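Summary of structural features
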Amino acid sequence: MRADDEALILACIPSLRRYARGLTGDPQRADDLVQDTLERAWSRYSRWQRRGELRAWMFGIMHNHFIDGVRAANRRADQTVPGELPDAPVRATQTDRLEVRDLERSLQALPAEQREVLLLVCVEDLSYQETAQILDVPMGTVMSRLSRAREKLGALLQGRDAVNRLHRVK
Amino acid sequence: MNDKRLHPVPGAGTPITEADLHAYADGQLPAARHAEVEAFLAAHPQDQARVRDWKEQRRALHALLDPVLDEPLPLRLPLAPPARRWPWRALAASVAVAAVSASAAWIARGAMDARHLQAVLATAAPERAAGGYAQRAAIAHAVYAPDMGRPVEVGVDNEKGLVTWLTKRMGAPVRAPSLSQAGYELMGGRLLPGGAGPVALFMYGAADGQRLTLYVTREAAGEQTAFQFTQEGPVRVFYWVEGQFGYALSGAVSREELQRVSQEVYKQLQG
C-alpha cells in the first residue's frame, strides 16, 4: 500500500467519526462503527483499485456496516421506538443545551436511510451524485429521502410550537 | 422513486423544481441556475421560508457535530494496515522499493512511519497531559509529510495569501519563518483542527526530500515553557510556547538536526 494512500485514509478519519456520531448519536457506538470501517478499509484496500474517490469508498464501507447494524437491531424484539431513544450525551454550552438535545433526538428519530442522506449532504457536504454512489441508490432516491428528511426534521423540531399553537386555537 | 420533480438536472430557463430548491440550499447549483432560483424565491415567500429552514438545519447540524472533528482519535482505531497478515505483500513492497527511485523509497518510509506511530501511540498514552499539542503535531507530520500528491493546501507560490488566510482563521498574526539558511524551503501550509480551535501547519522541504512541519496553535497560550523534546515513533518533535502561540517542529531527522532548525525558528519568531 502506498504511503500517500494511507495518509488519505487517515485524513478521512475525523469526518468518518463526525458522520458516525450523527448516525448513531452515541460516541461509543460511533467509534465501533469507525473501527469496523477502518478494519474493513485496511483489509479490502487492494480491492478499491482507484475506482473513484477514496473518501466516497470509505463512506460506502461505513454505510454497509451501519445498515447491517440497523437490520440486526430491527430483528431484535426489544427494539427501541424511534422518538423514545434515551438521551445521548451531547457536548453543548449551557445556553443552547435544550435546543441541541432536541436536535440530537429529532435526528435520531428520523428513519436511518433519511438520516444518512441528510448527514452526507448537509454535514459532509457531499454532492447528490457522491451520496447516491455511497448509498448505492439512484439520485432520485437521494433527492426524495433528502426532501422527506428535511420535512420530518423540521416537523420534529417545531413539534413543541405546533402543540402550543393547537392549544391557542382551541 | 420515479418522481420527476425530484430529478436534479436543472436546465437554464426551465421551471424551478423542488430539486432546485434543495440544491440551492445545499449550494449545489451552477451560478446561472442559482440566480434563477434566487429570483423565484424572492417572489415566493413560502418557498423562501422553507429554504431558510433547510439552511438553518444545515447550520444546526454542523454546530452539533463539528466538535467531533476536534477530538483526539481514540487509541482503539487502527491507524495502519495490519502488518503481518500478508508477508508476501511486505516482500512485494521491498522489491518495489529496490526497483524504483529514491522517491519511492521515501514513500515506503512514510508507510513505516505510520506503522511505528501506531505502535507508539498504543503504548505511550499516559504521559502526555502536558504538551498534548506536540503529539497532535507528530500525528499531523506523519499524515501529511509523506504525501507526495498534495502535502499542502496552499502552496508557497501564494505565500502571502497563505499567511493572510491562516492569520484570519487563527485570529492572530501567523508568520512562516524562512528556513532557507538552515537548508529547508517553505513548501506551503494548511489549516487543521487542533485540540481547541484551528491550527496552522507549515511544511518545509530539503533538497534531499526530507520534510519538516511547523505546527502553530493557540491552545497553549500563556503557558511558559522552555524547549521541550518528545518522540513519537520515528517522528521527533521540539516544542515550545512563545507569547500567544505554541509551536512544534516535527521531522523524521536526528535530534541534533531538529534542534538546530528549531533554534532558527525560535530566533525568527521571537518578538
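Residues numbered from 1 in each chain as written. Chains lettered and ligands numbered in written order. Predicted model: local features only at pLDDT ≥ 70, side-chain atom pairs only at ≥ 80, totals over all residues.

Focus: the overall build of chain A
Along chain A, the regular secondary structure elements total eight helices and zero strands. Reading chain A from its N end, one meets helices and strands in the order α-α-α-α-α-α-α-α. Within the span of chain A, comprising 170 residues, buried residues form 36% of the whole. The long-range share in chain A, meaning contacts at least 24 apart out of those at least 6 apart in sequence, stands at 62%. (Helix = DSSP H or I, 4+ residues; strand = E, 2+ residues; numbered from the N terminus. Buried ≥ 20, exposed ≤ 12 C-beta atoms within 10 Å, placed from the backbone. Contact = placed C-beta atoms within 7 Å.)

Regarding the interface of chain B and chain A
Each partner contributes to the interface: chain B provides 45 residues, whereas chain A provides 41 residues. The biggest single contributor to the side of chain B that touches chain A is helix α3 (residues 45-65) of chain B, with nine residues. Considered class by class, the residues forming the side of chain B that touches chain A number 29 nonpolar, eight polar and eight charged. (Nonpolar A, V, L, I, M, F, W, Y, C, P; charged D, E, K, R; others polar.)

Quick notes on the pairing of strand β7 (residues 245-251) of chain B
Residue and element names in this part refer to chain B. Taken across its seven residues, β7 has seven buried, putting it largely inside the fold. Burial of β7 is two-sided: the residues Phe245, Tyr247, Leu249 and Gly251 facing one way and the residues Gly246, Ala248 and Ser250 facing the other way are all buried. Looking at chain direction, strand β4 (residues 211-217) and β7 are connected through six bridges and run antiparallel. Within β7, the residue paired with Tyr215 across the bridge is Ala248. Two elements, strand β6 (residues 235-242) and β7, share seven bridges in a ladder whose sense is antiparallel. Note on β7: the bridge partner recorded for Val237 is Ser250. Hairpin connection of β6 to β7: two residues between the antiparallel strands, including Gly243 at a positive phi of 65°. (Pairing = 2+ DSSP bridges.)

Structural notes on the confidence of the model for chain A
Residues and elements named next belong to chain A. The pLDDT averaged across chain A works out to 80; a share of 74% of its residues lies at or above 70. Considering each helix and strand of chain A separately, the mean pLDDT is smallest for helix α8 (residues 159-169), with a value of 52, and largest for helix α5 (residues 112-122), with 96. Per-residue pLDDT stays below 50 along residues 77-95; that stretch engages in 18 contacts with residues further than four places along the chain or on separate chains. (pLDDT = per-residue confidence, 0-100.)

Digging into the environment of Lys55 of chain B
Residues and elements named next belong to chain B. Structurally, Lys55 can be placed in helix α3. Judged by the 15 C-beta atoms lying within 10 Å of it, Lys55 falls in the partly exposed class. Linking Lys55 and Tyr24, residues 31 residues apart in sequence, is a C-alpha distance of 9.5 Å.

Re helix α1 (residues 18-25) of chain B
Burial analysis of α1 of chain B places seven of its eight residues in the buried class, which makes it a mostly covered element. By the burial criterion, the buried members of α1 of chain B are Ala19, Asp20, Leu21, His22, Ala23, Tyr24 and Ala25 of chain B. Close packing links the buried residues of α1 of chain B with α7 (139-157) of chain A together with α2 (31-43) and α3 of chain B. Residue Gly27 of chain B follows α1 of chain B closely and has a positive phi angle near 65°.

Notes on the nonpolar core
Residue and element names in this part refer to chain B. Ranked by internal contacts, the top residues of the largest apolar core, which has 97 residues, are Tyr215, Tyr247 and Leu249. It is helix α6 (residues 132-144) that contributes the most residues to this core, nine residues altogether. Setting aside anything within four residues of it in sequence, one finds Tyr247 in contact with Leu214, Tyr215, Val216, Tyr239, Trp240, Glu242, Val265 and Leu269. (Core = buried A, V, L, I, M, F, W, Y, C linked by C-beta atoms within 7 Å.)

A few points about the pairing of strand β3 (residues 197-205) of chain B
All names here are of chain B. Judged by how many residues are buried, β3 sits mostly within the fold: seven of nine residues are covered. The pairing of strand β2 (residues 185-194) with β3 spans nine bridges and is classified as antiparallel. Bridge pairing links Arg190 to Leu201 in β3. Hairpin connection of β2 to β3: two residues between the antiparallel strands. Where β3 and β4 come together, six bridges link them in antiparallel fashion. In the strand pairing of β4, Tyr204 is matched with Leu212. From the end of β3 to the start of β4, which pair antiparallel, there are five residues, and Gly209 there has a positive phi angle of about 95°.

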